[in-house]
Amino acid sequence: MIIFKEPTRIIGIILLCFALISAAGTVKSDLEIIGLTPEKCTMETEGRVIDSAYGTKLQHGSNRRYSYSVYYDVIEYEVDNHKYQITSRHASKNNSIIGATVTVYYNPNDPSKAYDNSAPYVDGSDYFYPFMMGIIGLVLTLGLGEKIKKQR
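Quantities reported herein were computed from a predicted structural model and do not represent experimental measurements. All chains use their own residue numbering, which begins from 1 and follows the written sequence. Per-residue local features are limited, in this predicted model, to residues with pLDDT of at least 70; the limit for side-chain atom pairs, both in listing and counting, is 80 or more; totals at the level of whole chains, interfaces and linings are taken over all residues. As a convention, hydrogens and water are excluded, and side-chain values are obtained from all of the structure's heavy atoms.

**Re the packing of aromatic side chains**
For Phe, Tyr and Trp, rings pair up if their centres lie within 6.5 Å, where Trp contributes its six-membered ring, and each pair is then called stacked (planes under 30 degrees apart), edge-to-face (over 60) or tilted (otherwise). Following the criterion strictly, the structure yields 3 aromatic pairs and no others. Measuring from centroid to centroid gives 5.5 Å for tyrosine 77 and tyrosine 84, while their planes differ by 25°, and the two rings are stacked. Both rings, one in tyrosine 105 and one in tyrosine 115, keep their centres 5.6 Å apart while their planes meet at 35°; by these two values the pair is tilted. Residue tyrosine 105 is located in strand β4 (residues 101-107), and its partner tyrosine 115 is located in strand β5 (residues 110-116); the two are separated by 10 residues in the primary sequence. Strands are runs of DSSP state E lasting at least two residues, helices are runs of H or I lasting at least four, and both sets are numbered from the N terminus onward.

Right, dumping it as structure tokens:
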């Protein structure tokens, strides 16, 4: 097949595959978050911040990208004398106050499925790189760059 004889098209196909795999992983993560929708998590209880989990966030600027440290609340709550823990999906640049109370919404059929009032949250910027790699891969695979050169 002619598409596999040109190196730029092979690179384009590799980029397309990587973009699809990367986007699929992001979609799977977002679907897990969306699975905690208010329609399913109808019960409310009070939770307590017991710890902070450290993480990093990637920020896309106009000329560059950079990462910075963030903290996620670890929240403990109780339903029917069973204790559960969740990690907030809301990131903060500062540690939260240990012992602070927060509202937790949980699924009455499965109390381990819960979120605090800062979630569910889906970050659309997670799709930026898979999208850009997919566009570049598509351009290389279709040979659009070569067609533009030939027109000149």
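**Description of the confidence of the model for the protein chain**
Each residue gets a pLDDT score, which is the predictor's confidence in that residue and runs from 0 to 100. When the pLDDT values of the protein chain are averaged, the result is 76; 70% of them are 70 or greater. Per-element mean pLDDT across the protein chain ranges from 60 in helix α3 (residues 144-151) up to 88 in β4.

**With respect to the environment of leucine 20**
Looking at where leucine 20 falls in the secondary structure, it is placed in helix α1 (residues 7-34). Each residue is placed in one exposure class: buried if its accessible area under a 1.4 Å probe, protein chains only, is under 20% of its type's maximum, exposed if it is over 50%, and partly exposed if it falls in between. Classification of leucine 20 as exposed rests on a relative accessible area of 62%. Considered as a pair, leucine 20 and proline 130 are 110 residues apart in the sequence and their alpha carbons are 7.1 Å apart.

**Description of the nonpolar core**
For the purposes of this section, nonpolar cores are sets of buried Ala, Val, Leu, Ile, Met, Phe, Trp, Tyr and Cys residues that join through side-chain atoms within 4.5 Å. Counting 9 residues, the largest nonpolar core consists of Val49, Ile75, Tyr77, Val79, Ile86, Val102, Val104, Tyr106 and Ala114. Elements with a minimum of two residues in this core: β2 (65-79) and β4. The criterion used for residue contact is that any of the two residues' heavy atoms lie within 4.5 Å. Ignoring sequence-local partners within four residues, the contact set of tyrosine 106 consists of Lys40, Cys41, Thr42, Met43, Glu44, Thr45, Tyr77, Val79, Pro111, Lys113 and Ala114.

**Focus on the side chain of aspartate 116**
With respect to the element layout, aspartate 116 can be found in strand β5. In the analysis that follows, any N or O atom pair within 3.5 Å is treated as a polar contact, provided that within protein one partner can donate a hydrogen and the other can accept it, and provided that, for residues neighboring in sequence, both atoms belong to side chains. In terms of polar contacts, aspartate 116 uses its side chain to reach the side chain of serine 88, at 3.0 Å. Discounting residues that sit within four places of it in the chain, aspartate 116 has contacts with Ile75, Ile86, Ser88, Arg89, Thr103, Val104 and Tyr105.

**Concerning the pairing of β5**
Both β4 and β5 contribute to a ladder of 4 bridges, which runs antiparallel. When the sheet's bridge partners are listed, tyrosine 105 is paired in β5 with tyrosine 115. DSSP bridges decide pairing: two strands pair if at least two such bridges lie between them. Adjacent in sequence and paired antiparallel, β4 and β5 are bridged by 2 residues.

**So, the side chain of serine 52**
Relative to the elements of secondary structure, serine 52 occurs in strand β1 (residues 43-60). Beyond its immediate chain neighbours, meaning those up to four positions away, serine 52 contacts Tyr71, Tyr72, Asp73, Val74, Asn95, Ser96 and Ile98.

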